[in-house]
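# What the coordinates show
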Amino acid sequence: MKILSFSGFVPEQICDTVRFTQYTGDRNISHYCGYASDFISRVLKDDSIDGAVYPRTCDSTRIISSYLSDSGKFHFGISIPPAGAVGADAFLASSFREYKEALEKHFDISIGDDVIRDRAEKIDRRNACIRKLCEERESHSFADHLGAIHGLLEKPLSDREVLPVIRKCDASDRKVFVIGSFLSNIKIAGHIDEAGLTVVGDSLPESGRLASVRPVKPSGDIFLDIARSMLSMRLSPTQDSFRQIMETDMEEIGRSSAKGVIYITQKYCEPYDYLYSIYKDAAAALGVPVLRLQLNDTEDDRKVSLALEAFADTL
């Protein structure tokens, strides 16, 4: 089976999933977040995709099930608790159990706890590789950094434990921090490099956030263990924790001596739009300028190069 996953809130420990990155075909809808719209289009149009798993964290992701309900394909939405909610780990663990049971019923398979624990160990080692890449981020091009991580996410789980070799490059004094949703279009990372900017930190789901997740620590209930690990991850704007996200980012921006922030979001992505409204004021209080790049879809990189060049000149 080939399950397309959307968001880092999907537990890879339960079964193999293919991480959605980009869609190049016809788009079915355009009035929701470009990332979610492209995900729906890929599931509906790609005959090689057997199903989809995604979080229910915002308006754009909550409508996914309505679009896929008549597709005949497996689809499951995982309910995500707000950050800091009482009993959040037990709530999330329950959602993971429901996801596992739905998989077993739809595909007529059995997924044992021992298999899940084995996968959890492999994923922890994969994440350790990503953590190492993030620690060495300033000495690599940002495009190579994200390209290596995407490669790790796309490989079979058994092959994700080898740290890729990335060519070294000299860091510039124009240091920036990057925030946004999954950066599906690697060309944008290349444009950041070409503008002479050095990324010293980020909160992208596939990079800074994934590097922050703690390993799964066995306590008896594997679903609870996975939930606790996932909730340890750097917060997402979809968890309604704007102020805590802002404070964490501002602390890292100051610690890394970043001179600017590149804020990347998809069109109609309300959680990131809401966060931006307070983020730019907090950055301004530190004397750090913010460049907002709002993308229409997962392929969009139009006008990005010129905007980044102009921003780099201000730094």
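Residues numbered from 1 in each chain as written. Predicted model: local features only at pLDDT ≥ 70, side-chain atom pairs only at ≥ 80, totals over all residues. Heavy atoms only, no water.

### Re the sheet that holds strand E5 (residues 175-180)
- Reading across the sheet, the four strands line up as E6-E5-E7-E8 and stay open at both edges, with parallel pairing between neighbours. A strand with exactly one partner marks an edge of an open sheet, and here the two such strands are strand E6 (198-202) and strand E8 (290-295). Across the sheet, the mean angle separating the axes of adjacent strands is 25 degrees when strand polarity is ignored.
- Relative to strand E7 (residues 260-266), E5 runs parallel, the two sharing five bridges. If you follow Ile179 over to E7, its bridge partner there is Tyr263.
- Contacting E5, E7 and E8, helix H12 (residues 304-314) crosses the sheet at an angle of about 175 degrees to E8. (Pairing = 2+ DSSP bridges. Helix = DSSP H or I, 4+ residues; strand = E, 2+ residues; numbered from the N terminus. Axes fitted to C-alpha atoms, helices over the stretch in contact; angles between N-to-C directions. Contact = heavy atoms within 4.5 Å.)

### Some remarks on the pairing of E7
- In terms of burial, E7 is largely enclosed, as seven of its seven residues are buried.
- Side-chain alternation along E7 places Gly260, Ile262, Ile264 and Gln266 on one buried face and Val261, Tyr263 and Thr265 on a second face that is also buried.
- Summarising the sheet, E7 and E8 pair through six bridges and their orientation is parallel. Each bridged residue has a counterpart across the sheet, and for Tyr263 the counterpart in E8 is Arg292.
- Once the chain exits E7 it traverses helix H11 (residues 270-285) before rejoining the sheet at E8, and the crossover so formed is right-handed. (Buried < 20%, exposed > 50% of the residue type's maximum accessible area, 1.4 Å probe, protein only. Right-handed = clockwise from strand over helix to strand, strands pointing away.)

### Describing the packing of aromatic side chains
- Scanning the model with the defined rule gives twelve aromatic pairs in all.
- A ring pair is formed by Phe6 and Tyr35, whose centres lie 5.0 Å apart and whose planes are at 45 degrees; its orientation type is tilted. One end of the pair, Phe6, is in the loop between strand E1 (3-5) and strand E2 (18-19); the other, Tyr35, is in helix H1 (residues 34-45), and 29 residues separate them in sequence.
- For the pair Phe76 and Tyr99, a centre-to-centre distance of 5.6 Å together with 35 degrees between the ring planes defines the contact as tilted. Taken as a pair, Phe76 in strand E4 (residues 74-79) and Tyr99 in helix H4 (residues 88-107) lie far apart in primary sequence, 23 residues in all. The residues Phe76 and Tyr99 share a single accessibility class, namely buried.
- Members of the aromatic cluster, connected to one another through ring pairs, are Phe6, Phe20, Tyr35, Phe39, Tyr54 and Phe182.
- One residue, Arg292, lies across the ring of Tyr276, its end atom 4.5 Å from the ring centre. (Phe/Tyr/Trp six-rings, centres within 6.5 Å; stacked < 30°, edge-to-face > 60°. Lys NZ or Arg CZ within 6 Å of the ring centre and 35° of its normal.)

### Considerations on the nonpolar core
- Core analysis: the largest hydrophobic core is formed by 75 residues, its most contacted members being Phe39, Phe96, Tyr99 and Tyr279.
- Residues within four places of Tyr279 in sequence aside, it is in contact with Phe177, Ile179, Asp249, Met250, Ile253, Val261 and Tyr263.
- Listed in part, the 22 residues of the second largest apolar core include Ile264, Leu291, Leu293 and Leu308. (Core = buried A, V, L, I, M, F, W, Y, C linked by side-chain atoms within 4.5 Å.)

### Some details on helix H9 (residues 222-231)
- Buried residues dominate H9, accounting for eight of its ten residues.
- Every buried residue of H9 is listed here: Ile222, Phe223, Leu224, Asp225, Ile226, Ala227, Ser229 and Met230.
- For H9, the secondary structure elements touched by its buried residues are H4 and helix H5 (113-135).
- Where H9 begins, one side-chain oxygen reaches toward the backbone nitrogen of Phe223, 3.0 Å away; that side chain belongs to Asp221. (Polar contact = N/O pair within 3.5 Å; in protein donor to acceptor, adjacent residues only side chain to side chain.)

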